[in-house]
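Now for the letters of each chain:
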Amino acid sequence: MKSTVLSLLFSISSCGIALAQNQQNAIIEDFKPSPLNQPQQEYPMVNSQGYARFKIIAPAADSVRVSLGLGGRGGTKLEKASDGSWMGTTEGPMDEGFHYYNVKIDGGKFNDPGAMNYYGSIRWESGIEIPAHDQDFYALKNVPHGHVQQVLFPSPSTNTSRRAFVYTPPGYELGKDKYPVLYLQHGWGEDETAWMNQGHANLIMDNLIAEGKIKPFIIVNTYGMTNEVKFGKIREFKIEPFQTVLIDELIPYVDAHFRTIAKQSHRAMAGLSMGGMETKTITLNKPDVFSYYALLSGGTYAPTDIKDKSKVKLIFLSCGSRERPEGVNNAVTALKEANFNAVSYVSEKTGHEFQTWRRSLRELAPLLFK
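So, how was this worked out
Residues numbered from 1 in each chain as written. Predicted model: local features only at pLDDT ≥ 70, side-chain atom pairs only at ≥ 80, totals over all residues. Heavy atoms only, no water. Helix = DSSP H or I, 4+ residues; strand = E, 2+ residues; numbered from the N terminus. Contact = heavy atoms within 4.5 Å. Areas by Shrake-Rupley, 256 points an atom, 1.4 Å probe, with all protein chains shown as cover. Axes fitted to C-alpha atoms, helices over the stretch in contact; angles between N-to-C directions. Parallel < 35°, antiparallel > 145°, perpendicular 65-115°, else oblique. Left-handed = near helix turned anticlockwise from the far one by under 90°. Nonpolar A, V, L, I, M, F, W, Y, C, P; charged D, E, K, R; others polar. Buried < 20%, exposed > 50% of the residue type's maximum accessible area, 1.4 Å probe, protein only. Polar contact = N/O pair within 3.5 Å; in protein donor to acceptor, adjacent residues only side chain to side chain. Pairing = 2+ DSSP bridges. Salt bridge = Lys/Arg side-chain N within 4 Å of Asp/Glu carboxyl O.

- Taking an unreviewed UniProt entry as the reference, the protein chain is identified by name as Alpha/beta hydrolase-fold protein belonging to Flectobacillus roseus.

Structural data, given as structure tokens:
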């Protein structure tokens, strides 16, 4: 009798736990269109928990999957509805921030007609934005805004003109002041549009300037894949052609066409992922060009890497908590012990993704050009 009672109590307890878990994991039906949808498009949608829901019109298809949602298990499988559309919701909530994705229809890869496209993964892909608890720092606000302009600069080394985007802070056009410059590089598979489109670097700057948290400066983005290499062949990438474009062609052009403080002491270089690799290599190769270094999910520096520490005003290292934060933290500890001005930053609950790098720029900007 005693054992029966205990079994009954255990069963009731187990049912209660299961019920609580089901209630905790229940999807809240407060879905809204993603902020990155095409005009007047309802899908994809996101909810307050971070789930994403997709709807694809493909009545003749036999299978439809979205690359987001299940990671290595092939994404989110959509189910066919009676009207011929395909719908599905990610198995769980996604990390906050921006994500690239694509749709596979009967094995073919396509973009979602409901979403806007962003250059990543060496192609234009669909983008979705999962609302973040801290998204206010890159929100579009009623504050003075800087300008982002496209420039085409001559590149004799590549026998063409190359493109860059230049952010100038609010009031630049009406003033006479000269400004420091941050050269900010994208990651593998992206291009010079990434930091302003996916990263909202201009809005981050506008908001920090409006709040009085940073000294205004110029940002320059350019394409880092000067010698094209195919996907999976990153080891074949050579830094020398891009280093020539950046150091010998782009920087002189920017200094000649914008009001910059054309000195090593007022010049910074930073990059995310592969752009971090470029940053590390070029800053070590050309110590007389930059005085502020920043690697965002892009490796680390060791004290022995730098021959003359007097030329370096700041080393900033960051990554997401889902990456390898111990490497960043340990590297900064070693740099500090060697008397470098070094700072680490770890973005909580993010991985190798733009929310990590948006937050990293927010943390980096107030440290520059002190």
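What follows continues from the structure just given.
**Quick word on the overall build of the protein chain**
- Per the secondary structure count, the protein chain includes seven helices and 20 strands.
- Contacts in the protein chain between residues far apart in sequence, at least 24 positions, make up 65% of those at least 6 positions apart.
- Summed over its atoms, the accessible surface of the protein chain is roughly 18000 Å², and 53% of this surface lies on carbon and sulfur atoms.

**Describing the packing of helix α4 (residues 239–257) against helix α5 (residues 274–285)**
- Relative to each other, α4 and α5 sit at 70 degrees, their axes nearing to 11 Å. What the angle tells us is that α4 and α5 run roughly perpendicular. Both α4 and α5 take part in a crossing whose hand is right-handed. Contact residues: α4 offers I239, F242, Q243, L246 and I247, while α5 offers E278, T281, I282 and N285.
- When the residues that make up the contact of α4 with α5 are grouped by side-chain class, the tally is five nonpolar, three polar and one charged.

**Topic: the environment of W357**
- Relative to the helices and strands, W357 resides in helix α7 (residues 354–364).
- Its relative accessible area of 4% is what places W357 among the buried residues.
- Sequence spacing of W357 and P180 is 177 residues, and the spatial spacing of their C-alpha atoms is 21 Å.
- Every residue in contact with W357, bar those within four places of it in the chain, is listed here: W195, L272, L296, S297 and H352.
- At 2.9 Å, the side chain of W357 forms a polar contact with the side chain of S297.

**Regarding the sheet that holds strand β6 (residues 79–80)**
- Taking strand neighbours across the sheet as the criterion, the five strands line up as β1-β2-β3-β7-β6 in an open arrangement whose pairing is antiparallel. The open sheet terminates on both sides in strands that have one partner only, identified here as β1 (32–33) and β6.
- In this structure, strand β2 (residues 45–46) lies alongside strand β3 (residues 52–57), joined through two bridges in antiparallel fashion. In the sheet register, V46 faces β3, and the bridge partner there is A52.

**Structural notes on the side chain of S360**
- Here S360 lies in helix α7.
- A polar side-chain atom of S360 sits 2.7 Å from the main-chain carbonyl oxygen of T356.

**Quick notes on the pairing of strand β16 (residues 218–222)**
- When you tally the buried positions in β16, you get five out of five residues, the bulk of the element.
- Covered by surrounding structure in β16 are I218, V220 and T222 together with I219 and N221, the residues of both alternating faces.
- In terms of strand pairing, strand β14 (residues 160–168) meets β16 through four bridges, oriented antiparallel. Note that in β16 the partner of F165 across the bridge is N221.
- Judged from the three bridges that link them, strand β15 (residues 181–185) and β16 form a sheet pairing that is parallel. When the bridges of β16 are listed, V181 appears paired with I218.

**Side note on the sheet that holds strand β20 (residues 342–347)**
- Taken in spatial order, the eight strands of this open sheet run β13-β14-β16-β15-β17-β18-β19-β20, and their pairing is mixed. Both outer strands of the open sheet, β13 (147–155) and β20, are each paired with one neighbouring strand and no more. Strand-to-strand twist across the sheet, computed as the mean angle between neighbouring axes with direction ignored, equals 20 degrees.

**Re the pattern of salt bridges**
- Counted according to the given criterion, the structure contains 15 salt bridges.
- Among the salt bridges present, the one from E211 reaches K213, with a minimum N-O distance of 3.1 Å.
- When salt bridges that share partners are traced, they join E96, D134, R359, R362 and E363 into one network.

**A word on unusual backbone geometry**
- The omega torsion across Y43 and P44 is 5 degrees, close enough to zero to call that bond cis.
- For P44, the position within the fold is in the loop between β1 and β2.
- Here N339, not a glycine, exhibits a phi torsion of approximately 70 degrees, which is positive.
- Structurally, the position occupied by N339 is in the loop between α6 (325–337) and β20.
- Phi at K349 is positive, roughly 60 degrees, even though this residue is not glycine.

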